[in-house]
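Working through the structure, step by step
As a plain string of letters, each chain reads:
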Amino acid sequence: ADGVSFCLHCAGRTNRPALLQEAAIESAANHQYVEAASYWGAVYAANPSDINAALQCAINLRYSGNASEAVNITGSALKTHPDDVRLLSERGKAYAALGAVDPALEDITRASATAPSDWTLHSTLGIILDRLGRHNDAEAAYRKALSLSPDNPKVLNNLALSIAYRDAMMKPSRFCAVQSSVPTR
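A closer look at the side chain of H122
Take H122: it is sitting in helix α8 (residues 119-131). When its relative accessible area of 9% is taken as the criterion, H122 is described as buried. Setting aside residues up to four positions removed in sequence, H122 forms contacts with S112, P116, A141, Y142, K144, A145 and L148.

Right under this line is the structure:
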């Protein structure tokens, strides 16, 4: 059944949140993020104190390309749980997806100060710092992430890209060098 008919089918049942949650998990596992976000949103709407539902809804919204709504959901949940590291982290990632690097940096910095042993936060911080052009700071964040999760391929990849980009920015491009050697009339 499609997502809408499933929701209507289980709407009258007493264990509706459990069925919605099950459907949300299955949809996310099948990379059907819009559908998963819809199910998690229904679970969250039924119980606004359910931090996990808010978080999963926001993650699936971001994965489906709706980062602005992910910011709204996490912002709403953070009103009642202002220091929840998972919500701060997800809102920071959603801001980053929108290109709003300043609020992303603020949220991820707050989250990483609260959970300094979470490698994902340091890796995300590195990505944001790279977007700000702060490649040396990004490298330090990636190295911190690697100290917590050695040989992590995602972090190694981001570190390598950061260093390559930084080094490329420090050297004149080949195009500029060729252009400057061409005689003008």
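On we go from here.
Notes on the nonpolar core
By size, the foremost hydrophobic cluster in this structure holds 45 residues, and its most contacted members are I73, L87 and I128. Here this core gets 8 residues from one element, more than from any other, and that element is helix α4 (residues 51-63). Beyond its immediate stretch of four places on either side in the chain, I128 contacts A96, V101, A104, L105 and I108.

Structural notes on unusual backbone geometry
Its identity as a non-glycine residue notwithstanding, H31 has a phi of 60 degrees, on the positive side. Following the sequence through the fold, H31 ends up in the loop between α2 (16-29) and α3 (33-46).

Brief notes about the pattern of salt bridges
A full pass over the atoms with the stated rule returns 8 salt bridges. Residue D84 is joined to R86 by a salt bridge in which the shortest nitrogen-to-oxygen separation is 3.1 Å. Salt-bridge contacts for E139 lead to R166; the nearest nitrogen and oxygen are separated by 2.4 Å. Taken together, the positions of E139 in helix α9 (residues 135-148) and R166 in helix α10 (residues 153-170) put the pair 27 residues apart, joining distant regions of the chain. E139 gets classed as buried once you look at its relative accessible area, which sits at 16%. Since its relative accessible area comes to 17%, R166 is described here as buried. Shared partners join several salt bridges into a network, and the residues in it are E139, R143, R166 and D167.

Conventions we followed
- Residues numbered from 1 in each chain as written.
- Predicted model: local features only at pLDDT ≥ 70, side-chain atom pairs only at ≥ 80, totals over all residues.
- Heavy atoms only, no water.
- Helix = DSSP H or I, 4+ residues; strand = E, 2+ residues; numbered from the N terminus.
- Buried < 20%, exposed > 50% of the residue type's maximum accessible area, 1.4 Å probe, protein only.
- Contact = heavy atoms within 4.5 Å.
- Core = buried A, V, L, I, M, F, W, Y, C linked by side-chain atoms within 4.5 Å.
- Salt bridge = Lys/Arg side-chain N within 4 Å of Asp/Glu carboxyl O.

That's the geometry; what it means functionally is another story.
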